[in-house]
Amino acid sequence: MGKNAKSIISLVISLLVFVWLVGSIVFIAGAGRSGSYDVMLMLMGQFFLVIGVIALIIMVSESQPPFLGVGVMAVGLTLGALGLVFRFADDDTKALVDRLIPLGVFWLMALGGVGLCVGSWWFKKYRLSRFERVTAVVAELEKARDKVNGHWTDVYIPTYELTYGGERVRLKDTVGTPDMEFKVGDERQLLIGDDLKSFRVADREKKYHRLRIIIGLAVTAFAVCVTAAYLVNTPLTGGRL
């Protein structure tokens, strides 16, 4: 297939996606304004399902954890199923589903928390393990101005020097810190990607990993507690559980 043919196919696909995106938003808004909430839910379901499939394909192709794509697809399938229930089910079933909707929200929160923990574990175990750990020296500290917590302040951006592939190279960090955590000449452990195309600071990645785990566990625990309280206090079938 020639280059021009590939460009044409790419353009056609982009146009189709754009038309689908605009059309979905327009029809969802129209269904909501007309009070056809079952149709609106089904349209929202297909919207999130397609977005999830696209995200899943991109993540798999880039060897990224697929949890976000799978989660968005699950949201799409759930919304579509709710739309079908409100469209075709009897009144008792609709009333039950209406009471269960908050539970679905809580379960999605719990799923998101678990996904954050699992995704962080997966990234650390399978992605970072492909990086090469190298000892680098802080060769330079560049002072710059950046916004931290809503206020402009001085930050220090390090440039690292290391030996890689038998050559002496320099890598400039993309993150600055308001406090001078280190000085020129200090050693730091770097995680080097393929051919120096990407690198990460080892202790920073360790901190991010812990933060993601803490947030994931907190969100999951909150969702479980709220779910338990809802089940205890909400009648689902005419009485308390």
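Our structure's up above, just so we're on the same page.
Residues numbered from 1 in each chain as written. Predicted model: local features only at pLDDT ≥ 70, side-chain atom pairs only at ≥ 80, totals over all residues. Heavy atoms only, no water.

1. A word on the overall build of the chain
Along the backbone of the chain there are five helices and five strands. The order of helices and strands in the chain, counted from the N terminus, is α-α-α-α-β-β-β-β-β-α. Relative to its full complement of 241 residues, the chain shows a buried share of 27%. Look at the contacts in the chain between residues 6 or more apart in sequence, and 57% of them connect residues 24 or more apart. Carbon together with sulfur atoms contributes 65% to the accessible area of the chain, which is approximately 15600 Å² in total. (Helix = DSSP H or I, 4+ residues; strand = E, 2+ residues; numbered from the N terminus. Buried < 20%, exposed > 50% of the residue type's maximum accessible area, 1.4 Å probe, protein only. Contact = heavy atoms within 4.5 Å. Areas by Shrake-Rupley, 256 points an atom, 1.4 Å probe, with all protein chains shown as cover.)

2. Quick look at the packing of helix α4 (residues 91-127) against helix α5 (residues 202-233)
The interhelical angle for the contact between α4 and α5, taken along N-to-C directions, is 160°, at an axis separation of 8 Å. As the angle between them shows, α4 and α5 are arranged roughly antiparallel. For the crossing formed where α4 meets α5, the hand is left-handed. Here the residues of the contact of α4 with α5 are counted per class, giving 20 nonpolar, six polar and four charged. (Axes fitted to C-alpha atoms, helices over the stretch in contact; angles between N-to-C directions. Parallel < 35°, antiparallel > 145°, perpendicular 65-115°, else oblique. Left-handed = near helix turned anticlockwise from the far one by under 90°. Nonpolar A, V, L, I, M, F, W, Y, C, P; charged D, E, K, R; others polar.)

3. As for the packing of helix α3 (residues 67-88) against α4
At a minimum axis distance of 10 Å, the contact between α3 and α4 shows a crossing angle of 175°. Considered as vectors, α3 and α4 are oriented roughly antiparallel to each other. Between α3, through Phe67, Val75, Leu82, Val85 and Phe86, and α4, the contact on the second element is made entirely by Thr93, Lys94, Val97, Ile101, Leu108, Gly115, Val118, Gly119 and Trp122. A class-by-class count of the residues in the contact of α3 with α4 yields ten nonpolar, three polar and one charged.

4. Quick notes on the packing of aromatic side chains
Scanning the model with the defined rule gives three aromatic pairs in all. Aromatic pair Trp20 and Phe47: ring centres 5.4 Å apart, planes at 15°, arrangement stacked. Residue Trp20 is located in helix α1 (residues 3-33), and its partner Phe47 is located in helix α2 (residues 37-61); the two are separated by 27 residues in the primary sequence. Judged by relative accessible area, Phe47 falls into the buried class, the value being 17%. Ring geometry for Tyr160 versus Phe199: centroids 6.2 Å apart, planes at 80°, classification edge-to-face. With Tyr160 in strand β2 (residues 151-164) and Phe199 in strand β5 (residues 199-201), this residue pair connects regions lying 39 residues apart in the sequence. (Phe/Tyr/Trp six-rings, centres within 6.5 Å; stacked < 30°, edge-to-face > 60°.)

5. What about a positive patch on the surface?
A cluster of like positive charges, contributed by Lys124, Arg133, Lys206 and Arg210, occupies part of the molecular surface. Relative to the elements of secondary structure, Arg133 occurs in strand β1 (residues 132-148). A relative accessible area of 54% places Arg133 in the exposed class. (Patch = residues over 30% accessible without salt bridge, like charges linked within 9 Å, V, L, I, M, F, W, Y side chains within 5 Å. Salt bridge = Lys/Arg side-chain N within 4 Å of Asp/Glu carboxyl O. Lys, Arg positive; Asp, Glu negative; His and termini not counted. Charge placed at Lys NZ, Arg CZ, Asp CG, Glu CD.)

6. As for α3
With 22 residues, α3 extends 31 Å from end C-alpha to end C-alpha; this agrees with the ideal 32 Å at 1.5 Å per step. Among the residues making up α3, those that are buried are Gly69, Val72, Gly76, Leu79, Gly80, Leu82 and Gly83. Down the axis, α3 shows its buried residues gathered within 155° of arc, on one side only. Facing away from the buried side of α3 by over 90 degrees, the exposed positions are Leu77 and Phe88. The inward-facing, buried residues of α3 contact α2 and α4. (Expected span 1.5 Å × (residues − 1). Arc of directions from axis to C-beta.)

None of the figures reported here should be taken as evidence of function without further support.
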